[in-house]
Amino acid sequence: MIRINDKEFPSRWEELSPEQWLGVVGAMLEFGSRQCDFASFQIKLLEAIVGKLPQDPSNPVLCENIFRLQEVFCWPYVYAYKDPRYDKLSERTKEMLRHHLPSQLDQSDPEVRIASSFETRVDFDLCFPAQLLPHLPSDPALTGYRFSCRGTLASTDMTARQYVAAMGLLEAFSPDAEYLDEILSSLLCVLYSGEDVDMEQYHGGRIPLTEKVAVMYNFRAVNEWVSRLPKYDLLFNRSAARKGSRSPLGMEGSLYALSEKGYGDIDKVGGMNLFTYLDVLLKQTMDSVRSLHSCKMKPHEIAGELSLSVEQVLNIISE
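Residues numbered from 1 in each chain as written. Predicted model: local features only at pLDDT ≥ 70, side-chain atom pairs only at ≥ 80, totals over all residues. Heavy atoms only, no water.

A. How the structure looks around the overall build of the chain. Within the chain, the secondary structure is distributed over 14 helices and nine strands. Counting only C-alpha atoms, the chain reaches 75 × 60 × 40 Å along its principal axes. In the chain, buried positions account for 44% of the 319 residues. For the chain, the share of sequence-separated contacts (at least 6 apart) that also reach a separation of at least 24 residues comes to 62%. Of the roughly 17400 Å² of accessible surface on the chain, a fraction of 52% belongs to carbon and sulfur atoms. For the chain, the distance from the average position of its 33 positive side-chain charges to the average position of its 45 negative side-chain charges is 6 Å. (Helix = DSSP H or I, 4+ residues; strand = E, 2+ residues; numbered from the N terminus. Buried < 20%, exposed > 50% of the residue type's maximum accessible area, 1.4 Å probe, protein only. Contact = heavy atoms within 4.5 Å. Areas by Shrake-Rupley, 256 points an atom, 1.4 Å probe, with all protein chains shown as cover. Lys, Arg positive; Asp, Glu negative; His and termini not counted. Charge placed at Lys NZ, Arg CZ, Asp CG, Glu CD.)

Pasting the structure below:
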């Protein structure tokens, strides 16, 4: 948290309240659809986090304070650069450029001067271990999955079935998708439920777009956080995944594969806790590597067979 004038404000995604999260998503939507310019987006983002700001453009002290607050609450976004020269910059400079425009940095630095000619865009690094919208404001009967992290211990009640279905919808999502609202509504139905709601008959058409997008962004952030855990590198950083998929072993095929291997019928496998499911997939992948290695297959052949890197295969067979 950031403490300002005896008040605490979020300093990272997982500290946002549901109301703040929806406000931030609303600002992201307006900016992404070009309904506001970057300066207006910064104000909307700031107001979503700290509350409504006074309007007095002629007050220099107020304007200076707002400018300083914008610098403090810029953490929800980063700058990205479309230029082949960017990858050749030092890690130190790239990290600075993620959070500052070249014009805001020391122009005597030759790397900063080079970066001044790069094409720049604003990105949102959605990666956090938290469920920021446990209930939908427009329909409190709908309850989302739990997801939280204390220290190094993550906890969730998301099932393998929910995860696999949600990943399929997430990978079908794009801002210009032909059936965008249907995808978002289906994702909401997969990830939210309620005792008095028949999800088989439920349709998300009456849920505001901002809430549905907030559900999608939240799941995307949680999945991104899980995919960056070193423990699951073997699942999420397969060569097939690098081509666009972020779901291990494909979609529903992984559920059927585990069922065939004796982990229970498809309903039992689908009802596994997300982390149990990932742990089982990890074990199966490592067992497959060792089994192929025992059949005298070479590391590069195993890597090609299982869509792994040679380095990943060598790490397993050398254990």
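We are not done yet, so read on.
B. Examining the state of the cysteines more closely. One pass over the full model with this rule turns up zero disulfides. You can see C36 has no disulfide; the closest cysteine sulfur is in C74, sitting 17 Å from it. Of the cysteine sulfurs around C127, a residue in no disulfide, the closest is that of C149, at 11 Å. (Disulfide = S-S within 2.5 Å.)

C. How the structure looks around the nonpolar core. The biggest cluster of nonpolar side chains holds 94 residues, and the ones touching the most others in it are W21 and Y277. Residue contacts for W21: discarding those within four places in its chain leaves W13, L16, L126, F128, L132, L133, A214, Y217 and N218. (Core = buried A, V, L, I, M, F, W, Y, C linked by side-chain atoms within 4.5 Å.)

D. Representation of helix α2 (residues 38-50) in the model. Compared with the 18 Å implied by 1.5 Å per residue over 13 residues, the 18 Å span of α2 between its first and last C-alpha is a close match. Where α2 is concerned, the buried positions are F41, Q42, L45, L46, E47, A48 and I49. Buried residues in α2 make contact with β2 (7-9), α1 (18-32) and α3 (60-72). G51 lies just past α2 and shows a positive phi near 105°. (Expected span 1.5 Å × (residues − 1).)

E. Main features of the environment of V280. Looking at the element boundaries, V280 is found in helix α12 (residues 274-294). In this structure V280 comes out as buried when scored by relative accessible area, which is 11%. With near-sequence residues (within four places) excluded, V280 lies in contact with L258, Y263 and M272.

So yeah, pure geometry; function would need other evidence.
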